[in-house]
Amino acid sequence: MPDHEVVILRIGHRPERDQRVTTHVGLTARALGAKGMYLAASDKGVAESIADVVDRWGGNFFCEDNVKWRSCIKNWKAEGGIVVHLTMYGLNLPDIIGEIRPHARILVIVGAEKVPGEIYGLADYNVAVTSQPHSEISSLALFLDHLASGTGFAHEFPGAKIRIIPSKAGKQTEGL
Ligand code: SAM
């Protein structure tokens, strides 16, 4: 099984209302081992919030804003990667994840509001995390967990200044 290189492409972000959700898309992706997030909008605030978490909690997760989604998809494919679009209209995750898993480089597209119809055609896989509406954060988390077959809890975050020591009760941390 390849060690996946996953990058998120977040489209439809509206800076006036999506900052918190988009930041959490990035943090979820980071926590579950993705390499970074391309943001198809101009929003330095999101990029800075994520960079601040990376600085304290480690790893090399990147967030790049002002990305043009068409060229991002084109370049990703030109470099041999595949494109997965998360949408409730797609094929259900358990039915298709076995076909996706052998691919090493995966660009995962999540929307905010209605995504342009063109995305459905550009994606190699349109994947539903149930055929019910919910959110880009929950769909991404479940997709990444299934992709890694549940091994996504083992990621290391080199350079962390702080780390949690898992505890049955209370809060234990260590400064590094
Ligand atoms: N109403 C919008 C549409 O028709 O495209 C969806 C908005 S939803 C709040 C934002 C994003 O969450 C979607 O673009 C999709 O990426 C993701 N999403 C929501 N429900 C999903 C599901 N059941 N399966 C996969 N992705 C989902």
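Everything below is about the structure shown above.
Computed from a predicted model, the values in this text were never measured in an experiment. One numbering rule holds for all chains: residues counted from 1, following each sequence as written. Residue-level local features of this predicted model are given only where pLDDT is at least 70; pairs of side-chain atoms are given and counted only at 80 or more, and the full residue set underlies all totals for whole chains, interfaces and linings. Hydrogens and water are ignored here; the side-chain numbers use all heavy atoms of the structure.

### Regarding the overall build of the protein
Now for step 1: Secondary structure elements follow DSSP: runs of H or I no shorter than four residues count as helices, runs of E no shorter than two count as strands, and numbering proceeds from the N terminus. Looking only at helices and strands, the protein has six helices and eight strands in total.
Now for step 2: Every radius of gyration here is taken over C-alpha atoms, with the globule rule written as 2.2 Å times N^0.38, N being the number of residues. Taken over C-alpha atoms, the radius of gyration comes to 16 Å for the protein, in line with the 16 Å a tight globule of 176 residues would show.
Now for step 3: Its C-alpha atoms put the protein at 45 × 35 × 35 Å along the principal axes.
Now for step 4: It only takes one pair of heavy atoms within 4.5 Å for two residues to be counted as in contact. In the protein, the proportion of contacts linking residues at least 24 apart, taken out of those at least 6 apart, comes to 79%.
Now for step 5: Shrake-Rupley sampling with a 1.4 Å probe provides the accessible areas, and residues are treated as covered by the protein chains on show and by no other component. Here the protein has roughly 9,600 Å² of accessible surface; of this, 53% comes from carbon and sulfur atoms.

### Considering a nonpolar patch on the surface
Now for step 1: A patch consists of residues exposed above 30% relative accessible area that lack any salt bridge, with like charges linked at up to 9 Å and nonpolar side chains (Val, Leu, Ile, Met, Phe, Trp, Tyr) linked at up to 5 Å. Between Lys or Arg on one side and Asp or Glu on the other, a salt bridge is scored when a side-chain nitrogen of the former is within 4 Å of a carboxyl oxygen of the latter. Together, Met88, Tyr89 and Tyr120 line one region of the surface with nonpolar side chains, adding up to about 320 Å² of accessible area.
Now for step 2: As for its position among the elements, Met88 is in strand S4 (residues 82–92).

### Some remarks on the nonpolar core
Now for step 1: Counting residues in each nonpolar core, the largest one holds 31 residues, and the members touching the most others are Ile8, Val84, Ile100, Val127 and Phe143.
Now for step 2: Look past the residues within four positions of Val127 in its chain and what remains in contact with it is Val84, His85, Leu86, Thr87, Gly90, Leu91, Leu93, Ile96, Ile100 and Phe143.
Now for step 3: One finds Val7, Tyr38, Ala40 and Ile109 within the second-largest nonpolar core, a separate group that totals 16 residues. Only buried Ala, Val, Leu, Ile, Met, Phe, Trp, Tyr and Cys residues count toward a nonpolar core, and they belong to the same one when joined by side-chain atoms within 4.5 Å. Here's how the labels work: a residue is buried when its accessible area is under 20% of the maximum for its type, exposed when over 50%, partly exposed in between, all with a 1.4 Å probe on protein chains only.

### Description of the environment of Val53
Now for step 1: Tracing the sequence through the fold places Val53 in helix H2 (residues 44–57).
Now for step 2: Taking the C-alpha atoms as reference points, Val53 and Ala160, 107 residues apart in sequence, are found 9.6 Å from one another.
Now for step 3: Those residues in contact with Val53, other than ones at most four positions away along the chain, are Leu27, Arg30 and Gly58.

### Considerations on unusual backbone geometry
Generally, phi is negative for residues other than glycine and the peptide bonds are trans, each holding for most cases.
Now for step 1: The phi dihedral of Asn66 is positive, around 65 degrees, even though this residue is not glycine.
Now for step 2: Its place among the elements puts Asn66 in the loop between strand S3 (62–64) and helix H3 (69–78).

### Observations regarding the pattern of salt bridges
Now for step 1: Within this structure, the stated rule accounts for ten salt bridges.
Now for step 2: For Arg10, the salt bridge is made with Glu136, and the minimal N-O distance between the two is 3.0 Å. Placement of Arg10 in strand S1 (residues 5–10) and of Glu136 in helix H6 (residues 136–147) is noted, with a sequence separation of 126 residues between them.
Now for step 3: When its relative accessible area of 15% is taken as the criterion, Glu136 is described as buried.
Now for step 4: Salt-bridge contacts for Glu79 lead to Arg105; the nearest nitrogen and oxygen are separated by 3.7 Å. Placement of Glu79 in the loop between H3 and S4 and of Arg105 in strand S5 (residues 105–110) is noted, with a sequence separation of 26 residues between them.
Now for step 5: Judged by relative accessible area, Glu79 falls into the exposed class, the value being 57%.

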